[in-house]
Amino acid sequence: MDGTHALGDFLRARRALVRPEDAGLPGGGLRRVPGLRREEVALLAGISADYYLRLEQGRDRNPSVQVLQALARVLRLDTAATAHLIGLAQPSRPASRPPETVPASILQLIAGWPRHPAYVQNRFTDVLAANPLATALSPNYAPGVNLLRAVFLDPAERALRRDWEELTDEGVAVLRTRVGPDVDDPRLQHLVGELSVRSERFRRLWGRHDVRPHRGRVSRLRHPQVGDLDLHSDKLSLDGDDALILVVFHAEPGSRSAELLDILGSLSAPHQDTPAHEPTHEQ
């Protein structure tokens, strides 16, 4: 990954995903590359082919918002992807940031939720804090664990996820959204490099450049102790730029999943020595 070419990488990847017929062009015929040609994107966006080529090659990284919006229409980008495209053309923020710290009030809050699994993660999906019921739900909900790495590489985590394909698809797209143009961050480069080598699925999904904002979903789990659970997972930003995310699970009141979650809580109760904690080492 190279932050200086993030805009061009995104344009190339998204161009390859648009069929000519979807853009109002005749389909069929022999094409050397999938999707639209560069000159077709330029024509439809109302800019010169040479200028568009410079954008893809990283030789012009300061296009106007109007040009980016025109490209977004041609590439059929939704609101989140359009915002991501515009963000890639902005000056990059410093890659180095101070270590994330979970506020003490949040630690106290999730410790007081004996019936709601909850954890805090950073934008790279490193778990920074968790309550005991979250760890009972999955041992990977524990400080020091990177959830994206666990989901792609840990066979037990894949077995837990009845919706593994949907989860991995969403997880990669959300990661791209959260990091935005900050692709030079060493932690991100290490994570993406490792997963690209070890997981063909991750490599393919990362190459699509999909983006998606974090939002609540229903997590479909197959827990080895209590069986199938359908849990709502709500994700709340703890600061202004998604550096810290609080994730809370809950079941529909009166449902079988709620009953099983209570059983899981009772099974894990003897081990609740430390209600919620943070890692002592730097993430």
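The structure we're discussing is the one just above.
Residues numbered from 1 in each chain as written. Predicted model: local features only at pLDDT ≥ 70, side-chain atom pairs only at ≥ 80, totals over all residues. Heavy atoms only, no water.

Draft legend 1. Broad picture of the sheet that holds strand S3 (residues 217–223). If you trace the five strands from one edge of the open sheet to the other, you get S2-S1-S5-S4-S3, paired in antiparallel fashion. Either end of the sheet is taken by a strand with one partner, and the two such strands are strand S2 (127–130) and S3. On average, each strand axis in the sheet is tilted by 30° relative to the strand beside it, whichever way the strands run. Here strand S1 (residues 118–122) pairs with strand S5 (residues 244–250) via five bridges, running antiparallel. Looking across to S5, one finds that asparagine 122 is bridged to leucine 244. Packing of helix H13 (residues 256–268) onto the sheet brings it into contact with S3 and strand S4 (227–237), and relative to S4 it is tilted by some 85°. (Pairing = 2+ DSSP bridges. Helix = DSSP H or I, 4+ residues; strand = E, 2+ residues; numbered from the N terminus. Axes fitted to C-alpha atoms, helices over the stretch in contact; angles between N-to-C directions. Contact = heavy atoms within 4.5 Å.)

Draft legend 2. How the structure looks around the packing of aromatic side chains. For the coordinates displayed, the defined rule picks out six aromatic pairs. For the pair tyrosine 119 and phenylalanine 249, a centre-to-centre distance of 6.3 Å together with 35° between the ring planes defines the contact as tilted. Here phenylalanine 249 lies in strand S5 and tyrosine 119 lies in strand S1, a separation of 130 residues in the sequence. Phenylalanine 249 carries the same exposure label as tyrosine 119, and that label is buried. (Phe/Tyr/Trp six-rings, centres within 6.5 Å; stacked < 30°, edge-to-face > 60°. Buried < 20%, exposed > 50% of the residue type's maximum accessible area, 1.4 Å probe, protein only.)

Draft legend 3. Seen up close, the environment of asparagine 146. Mapped onto the fold, asparagine 146 is located in the loop between helix H7 (132–137) and helix H8 (147–153). By relative accessible area, asparagine 146 is classed as buried at 5%. Sequence-distant contacts of asparagine 146, that is, excluding residues within four places in its chain, are made with Phe124, Thr125, Asp126 and Leu191. A distance of 3.2 Å separates the side chain of asparagine 146 from the backbone nitrogen of leucine 148, its partner in a polar contact. (Polar contact = N/O pair within 3.5 Å; in protein donor to acceptor, adjacent residues only side chain to side chain.)

Draft legend 4. Main features of the packing of helix H4 (residues 65–74) against helix H5 (residues 79–88). Between H4 and H5, whose axes approach to 10 Å, the crossing angle comes to 140°. Judged by the angle between their axes, H4 and H5 are oblique. In terms of crossing hand, the pair formed by H4 and H5 is right-handed. Contacts from Val65, Leu68, Gln69 and Ala72 of H4 reach H5 at Thr82, Leu85 and Ile86. When grouped by side-chain class, the residues that make up the contact of H4 with H5 number five nonpolar, two polar and no charged. (Parallel < 35°, antiparallel > 145°, perpendicular 65-115°, else oblique. Left-handed = near helix turned anticlockwise from the far one by under 90°. Nonpolar A, V, L, I, M, F, W, Y, C, P; charged D, E, K, R; others polar.)

Draft legend 5. Expanded view of unusual backbone geometry. One non-glycine residue, threonine 125, lies in positive phi territory at about 70°. Relative to the helices and strands, threonine 125 is located in the loop between S1 and S2. Take threonine 125: its relative accessible area is 9%, and that puts it in the buried class. Located in the positive-phi region is histidine 209, a residue other than glycine, with phi close to 60°. Relative to the elements of secondary structure, histidine 209 occurs in the loop between helix H12 (200–208) and S3.

Draft legend 6. The arrangement of helix H2 (residues 38–45) in detail. Along H2, the residues classified as buried are Glu40, Val41, Ala42 and Ala45. For H2, the elements touching its buried residues are helix H1 (6–15), helix H3 (49–56) and H4. Looking one or two places after H2, you find glycine 46, whose phi comes out positive at around 75°.

Draft legend 7. Here's a closer look at helix H10 (residues 164–179). With 16 residues, H10 should cover 22 Å at 1.5 Å per step; its first-to-last C-alpha distance of 22 Å lies within 8% of that length. Those residues of H10 not exposed but buried are Trp164, Leu167, Thr168, Glu170, Gly171, Val172, Ala173, Val174, Leu175, Arg176, Arg178 and Val179. (Expected span 1.5 Å × (residues − 1).)

Draft legend 8. Inspection of the side chain of asparagine 122 at higher detail. Locating asparagine 122 in the fold gives a position in strand S1. Among the residues examined, asparagine 122 registers a relative accessible area of 0% and is labelled buried. At a separation of 3.0 Å, a polar atom in the side chain of asparagine 122 contacts the main-chain amide nitrogen of phenylalanine 124. Only 2.9 Å separates the side chain of asparagine 122 from the backbone nitrogen of aspartate 126, close enough to count as a polar contact.

Draft legend 9. Structural context of the pairing of S3. The side-chain alternation of S3 yields one buried face, formed by Arg217, Ser219, Leu221 and His223, and one unburied face, formed by Val218, Arg220 and Arg222. As paired strands, S3 and S4 are joined by seven bridges and run antiparallel to one another. Across the sheet, the residue bridging to valine 218 is histidine 232, located in S4. If you look at the hairpin formed by S3 and S4, you'll find three residues sitting between the two strands.

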